[in-house]
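# Coordinates in review
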Amino acid sequence: MASLLIPTALRAFTDRKSEIEVAARTAGEAVAALAEAYPDIKQHLYEDGGALRSFINVFVGETNIKSLNGLDTPIDADATVVLVPAIAGGVR
Amino acid sequence: MIFPESVIPDERAESLTNDEISRYSRHLLLPEIGIGGQEKLKAAKVLIVGTGGLGAPLALYLAAAGVGTLGIVDFDFVEASNLQRQIIHSTRDIDRPKVASARDRIRGLNPGVKVVEYNTTLTSANALDIIRGYDIVADGTDNYQTRYLVNDACVLLGKPNVYGSIYQFEGQASVFYAKEGPCYRCLYPAPPPPGLVPSCAEGGVMGVLPGIIGTIQAAEVLKLIVGGAGSLIGRLLLFDAWNMKFRELKIDKEENCPVCGKHPTIHELIDYEQFCGLNPPAGETPVSTLTPLELKARIDAGDKLRIVDIREGHERAIAKFANSVAIPLGQIARRIDEFDPATDTVFLCKIGKRSIYAIRALEKAGYTGRMFNLQDGVNGWARDVDASLPQY
Ligand SMILES: [Zn+2]
């Protein structure tokens, strides 16, 4: 099973879980498995048309899927997929 | 890894006095810094945007290290709730402008540092003028519109933007320097929809987290000045304080980046409120509000009202709102059947911001009943109606 790491900003929708195991052959399937497991997160991950929202990056290992094959990027059975959203905190 | 040259040309280096040689001795003993590096630190001008959680360690360590000029930008005043992490401010500074409090602390630490205060918000109108005079910008702001503003201004002016950002237990750090690598927009082409990722004021933050991320930013600033060190350019550092894990990711320059790509479409600063979706769309009716005193009057008059607290359980435990029903924000839309359109509903949260998203979510889901937002939330209620409740 591949591991999908969930950032703090999205853990409100995953019962505060920081990681789930997913059976997935591509990065896109891994993200879809998260949306399946926690339906409330879906509208935050995807645009209305089904594209991944642009404030969220998906990394397979240490490489951004934008530099690979996007959501179709194949992943190994034991891959680590990391969701990295824009966060803005600093001052207050 | 990228090892950029110093951002300070050799001819700008400023020679050290004997007192300065004593003060900076531990730097001078490092061959990678030495006299030459310290002379560049003395000549360097660094702008710190925000003197809060990230700005505090940034300003203190850069001042201690002997950066000659520190510009500090902040419009805000020190509050008690800042002191859990903003270690540049003290209890006696509460209600003072943050830039004044920070200036005094920097001067106490190192009188040799020239401090330039900007007691203002950074905007599209002033950002280029303010940033132009500096060698490096360190971004410690708390909102997306300023993040994009700082990024675009730095790209347009050719300045490195030393980035740090925090949320709850998690931090990110990188160096966005379009000349050498990607910019913030290359990584994040657009911000999240308003309200999805709450601010630290609403979502909370572990106090030491900005200390760690801000200190990483300070290290990156110092290395850009001295030159020759392995920089975070093209790398994103993720830090999870709860599980004590660091992770490093590669980030690439995007050919299609609208500000630093091959064919840029952004040639000047834009309206960042609009870009971040903060201006209400044309034709949108504003949410109806009740002030705390208006709500109190309706309750006292015996009006039939349903009060819905959209905070999570751990937050309700800080300050309970009597006679309310708890429905966390994330569950509102799918629990629409629990709402009766014949009864007026009042929504509340900590400060009256997230409750607006609850109302919008129900509107979007087709709910037709009358809805009101409690202005300033539970904190406003504690301030105006029930002094026995804490403000948090
Ligand atoms: Zn870019």
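Please read all numbers here as calculations on a predicted model, not as lab measurements.

### Quick word on the pattern of salt bridges
Residues and elements named next belong to chain B.
- Tallied over the entire structure, the rule returns 31 salt bridges over all chains.
- For the salt bridge of Asp135 with Arg12, the shortest nitrogen-to-oxygen distance reads 2.8 Å. On the criterion of sequence distance, the pair formed by Asp135 in the loop between helix H6 (127–132) and strand S4 (136–139) and Arg12 in the segment before helix H1 (18–23) is long-range, its members being 123 residues apart.
- Of the charged contacts, one joins Lys262 and Glu255 as a salt bridge, the two residues approaching to 3.4 Å between their closest N and O atoms.
- We classify Glu255 as exposed; its relative accessible area is 52%.

### Focus on the sheet that holds S4 of chain B
Residues and elements named next belong to chain B.
- Overall, mixed pairing links the eight strands, which are arranged S3-S2-S1-S4-S5-S6-S7-S8 in an open sheet. Looking at the sheet topology across the chains shown, the edges are occupied by strand S3 (114–118) and strand S8 (245–250). Along the sheet, successive strands turn relative to each other by an average axial angle of 15°, direction set aside.
- For strand S1 (residues 45–49) and S4, the ladder comprises four bridges, and the chain directions are parallel. Counterpart to Val46 in the pairing with S4 is Ile136.
- Running over the sheet, helix H4 (residues 55–65) touches S1, strand S2 (69–73) and S4 and is turned about 165° from S1.
- Helix H7 (residues 144–157) rests against S1, S4, strand S5 (161–167) and strand S6 (170–176) of the sheet, and its axis sits at about 170° to S5.

### Considerations on the coordination of the zinc ion
Residues and elements named next belong to chain B.
- Taken together, Cys183 (SG), Cys186 (SG), Cys257 (SG) and Cys260 (SG) make up the full set of protein donors to the zinc ion, lying 2.3 Å away.
- Mapped onto the polypeptide sequence, the residues donating to the zinc ion form the spacing pattern C-x2-C-x70-C-x2-C. Placement of Cys186 in helix H8 (residues 184–187) and of Cys260 in the loop between S8 and helix H11 (272–275) is noted, with a sequence separation of 74 residues between them.

### Structural notes on the pairing of strand S5 (residues 80–85) of chain A
Residue and element names in this part refer to chain A.
- Most of S5 sits inside the fold, with five of its six residues counted as buried.
- Where strand S3 (residues 56–60) meets S5, five bridges bridge the pair, whose relative direction is antiparallel. For Ile56, the partnering residue across the bridge sits in S5 and is Pro85.

### A word on the domain arrangement of chain B
All names here are of chain B.
- Split by domain assignment, chain B resolves into domain 1 (10–275) and domain 2 (289–384).
- Between domain 1 and domain 2, roughly 470 Å² of surface is buried when both sides are summed, and carbon and sulfur atoms account for 50% of that area.
- Interface area lost by domain 1 to domain 2 is led by Gly195, Ala201 and Glu202, which between them contribute 82%.
- Inspection of the region where domain 1 meets domain 2 yields zero salt bridges.
- Along the contact surface separating domain 1 from domain 2 lie zero residue pairs in polar contact (both at pLDDT 80 or more).
- Tallied by class, residues from the side of domain 1 that touches domain 2 come to two nonpolar, one polar and one charged.

Reading the values: the criteria
- Residue numbering note: each chain is counted from 1, following its sequence as written.
- Both sets of labels track the order of writing: A upward for chains, 1 upward for ligands.
- Local features in a predicted model are, by the rule used here, given only for residues with pLDDT of at least 70; side-chain atom pairs are given and counted only at 80 or more, and totals for whole chains, interfaces and linings are based on all residues.
- Each side-chain value is worked out from all heavy atoms of the structure, with water and hydrogens disregarded.
- Put simply, a salt bridge is a Lys or Arg side-chain nitrogen that is within 4 Å of an Asp or Glu carboxyl oxygen.
- Secondary structure elements follow DSSP: runs of H or I of four or more residues count as helices, runs of E of two or more count as strands, with numbering from the N terminus.
- Here's how the labels work: a residue is buried when its accessible area is under 20% of the maximum for its type, exposed when over 50%, partly exposed in between, all with a 1.4 Å probe on protein chains only.
- One requirement defines pairing of two strands: DSSP has to find at least two bridges between them.
- All axes here are fitted lines through C-alpha atoms, helices being fitted over the stretch that makes contact, and every angle between N-to-C directions spans 0 to 180 degrees.
- Whether two residues are in contact is decided by their heavy atoms, any of which lying within 4.5 Å being enough.
- Because no water is among the atoms considered, metal sites can look incomplete, with donors defined as N, O and S atoms within 2.8 Å of the metal, or 3.2 Å for Na, K and Ca.
- Start and end points for every domain follow an automatic or database-based domain assignment.
- Buried area is calculated as the accessible area (1.4 Å probe) missing from two parts once they are joined, with the contributions of both summed.
- Any pair of nitrogen or oxygen atoms within 3.5 Å is treated as a polar contact; in protein, a donor-acceptor pairing is required on top of that, and neighbouring residues in sequence qualify only through side-chain atoms on both sides.
- Throughout this entry, Asp, Glu, Lys and Arg are counted as charged residues, while Ala, Val, Leu, Ile, Met, Phe, Trp, Tyr, Cys and Pro are counted as nonpolar. The remaining residues, Gly among them, count as polar.

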